[in-house]
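Secondary and tertiary structure notes
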Amino acid sequence: NYSATPWLSHIGQSLGQTYGYVAERLFVDDLEVLNSPTQNFGGDIATAAGDIKYKDINGDGIISTLDMVPIGYPYTPEVIYGFGVSFGHKGFDISCFFQGSGRSSFWIDPSKVAPFIGGQRQLLSAIADSVWTEDDRDIYAFWPRLSESLSNNNTQTSTWFMRDGSFLRLKSA
């Protein structure tokens, strides 16, 4: 019975629909963490300033699985298409074929690209260019606060690391 939580129902959703949390932004400071709904996803690292702040969908003051909603499109594209054009004139011809897909989403896996985790010391330029720090408290930075251990709070399936998987490419010319 989903009468109290209709957003959890799978009726009318695509088979591959992903459910996750709605990310609002990053926490500005530790005081905001204390005055926000409780976010405890287990692990050794407590939620702190610079971590992802999730929306409390059901309003109970706790971020839990009851706050998960359908986010994005399924992993498998709902639309796959292709088209071609050709032109010929006096012994000269040109043709191209385009292929694309639409209505699909993918998620960046923070555990695979997180810097300083598992002995890796490289840093992607996307992270280096936009990361939350004490000196630059950008609440919409691409990457949450850096740490030597991965925070369970920042690895939840959410809209924060969700990306559009649609594309159109020139396959042949």
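Now for a quick tour of the structure.

If you trace the backbone, Ser104 turns up in the loop between strand E8 (92-102) and strand E9 (105-107). Setting aside anything within four residues of it in sequence, one finds Ser104 in contact with Tyr73, Pro74, Tyr75, Thr76, Pro77, Arg163, Asp164, Gly165 and Ser166.

The next subject is the sheet that holds E8. In any sheet, the strands associate via hydrogen bonds between backbone groups, in a parallel or an antiparallel arrangement. Spatially, three strands are ordered E7-E8-E11 in an open sheet, and the strand pairing comes out antiparallel. What marks the edges here is a single partner per strand, and that holds for strand E7 (79-89) and strand E11 (167-172). Ignoring which end each strand starts from, the neighbouring axes of this sheet average 20° apart. Pairing analysis gives five bridges linking E8 to E11, with the strands arranged antiparallel. Of the residues in E11, the one forming a bridge with Gln99 is Arg169.

We now examine the nonpolar core. One finds Tyr21, Leu26, Ile52, Tyr54, Trp143 and Trp160 to be the most contacted residues of the largest nonpolar core, which totals 18 residues. Going through the elements one at a time, strand E2 (23-26) and strand E4 (52-54) are the ones with two or more residues in this core. Other than its neighbours up to four places away in sequence, Trp143 contacts Leu26, Pro110, Val113, Ala114, Pro115, Ile127, Ser130, Val131, Trp132 and Phe161.

On to the environment of Leu168. By the element assignment, Leu168 lies in strand E11. For Leu168 and Ser101, which are 67 residues apart along the polypeptide, the C-alpha to C-alpha distance reads 6.8 Å. When neighbours within four sequence positions are excluded, Leu168 is seen to be in contact with Tyr81, Phe83, Phe98, Gln99 and Gly100.

Once that is clear, we can look at the packing of aromatic side chains. Inspection of every chain in the model, using the stated rule, returns eight aromatic pairs. Relative to Phe98, the ring of Phe83 lies with its centre 5.1 Å away and its plane at 20°, an arrangement referred to as stacked. Pair noted here: Phe83 is in strand E7 and Phe98 is in strand E8, with a separation of 15 residues, a long-range link. Taking the centre distance of 6.1 Å and the plane angle of 40° together, the rings of Phe142 and Trp143 count as tilted. Judged by relative accessible area, which is 22%, Phe142 ranks as partly exposed. Ring-pair connections join several aromatic residues into one group, and the members of that group are Tyr21, Phe41 and Tyr54.

The next subject is the environment of Ser111. Structurally, Ser111 is set in helix H2 (residues 110-113). A relative accessible area of 38% means that Ser111 is categorised as partly exposed. Along the sequence, Ser111 and Asn154 sit 43 residues apart, while their C-alpha atoms lie 9.4 Å from each other. There is a polar contact of 2.7 Å between the side chain of Ser111 and the side chain of Asp109.

What follows deals with the pattern of salt bridges. Tallied over the entire structure, the rule returns seven salt bridges. Notably, a salt bridge pairs Glu32 with Arg25, separated by 2.4 Å at the nearest N-O pair. Summarising the burial analysis for this pair, Glu32 and Arg25 share the class buried. Between Glu32 and Lys53 there is a salt bridge; the shortest N-O distance is 3.2 Å. Of this pair, Glu32 sits in helix H1 (residues 30-34) while Lys53 is found in strand E4, placing the two residues 21 residues apart along the sequence.

Rules used throughout
- Residues numbered from 1 in each chain as written.
- Predicted model: local features only at pLDDT ≥ 70, side-chain atom pairs only at ≥ 80, totals over all residues.
- Heavy atoms only, no water.
- Helix = DSSP H or I, 4+ residues; strand = E, 2+ residues; numbered from the N terminus.
- Contact = heavy atoms within 4.5 Å.
- Pairing = 2+ DSSP bridges.
- Axes fitted to C-alpha atoms, helices over the stretch in contact; angles between N-to-C directions.
- Core = buried A, V, L, I, M, F, W, Y, C linked by side-chain atoms within 4.5 Å.
- Buried < 20%, exposed > 50% of the residue type's maximum accessible area, 1.4 Å probe, protein only.
- Phe/Tyr/Trp six-rings, centres within 6.5 Å; stacked < 30°, edge-to-face > 60°.
- Polar contact = N/O pair within 3.5 Å; in protein donor to acceptor, adjacent residues only side chain to side chain.
- Salt bridge = Lys/Arg side-chain N within 4 Å of Asp/Glu carboxyl O.

Honestly, that's just the spatial picture; any functional story needs more than this.
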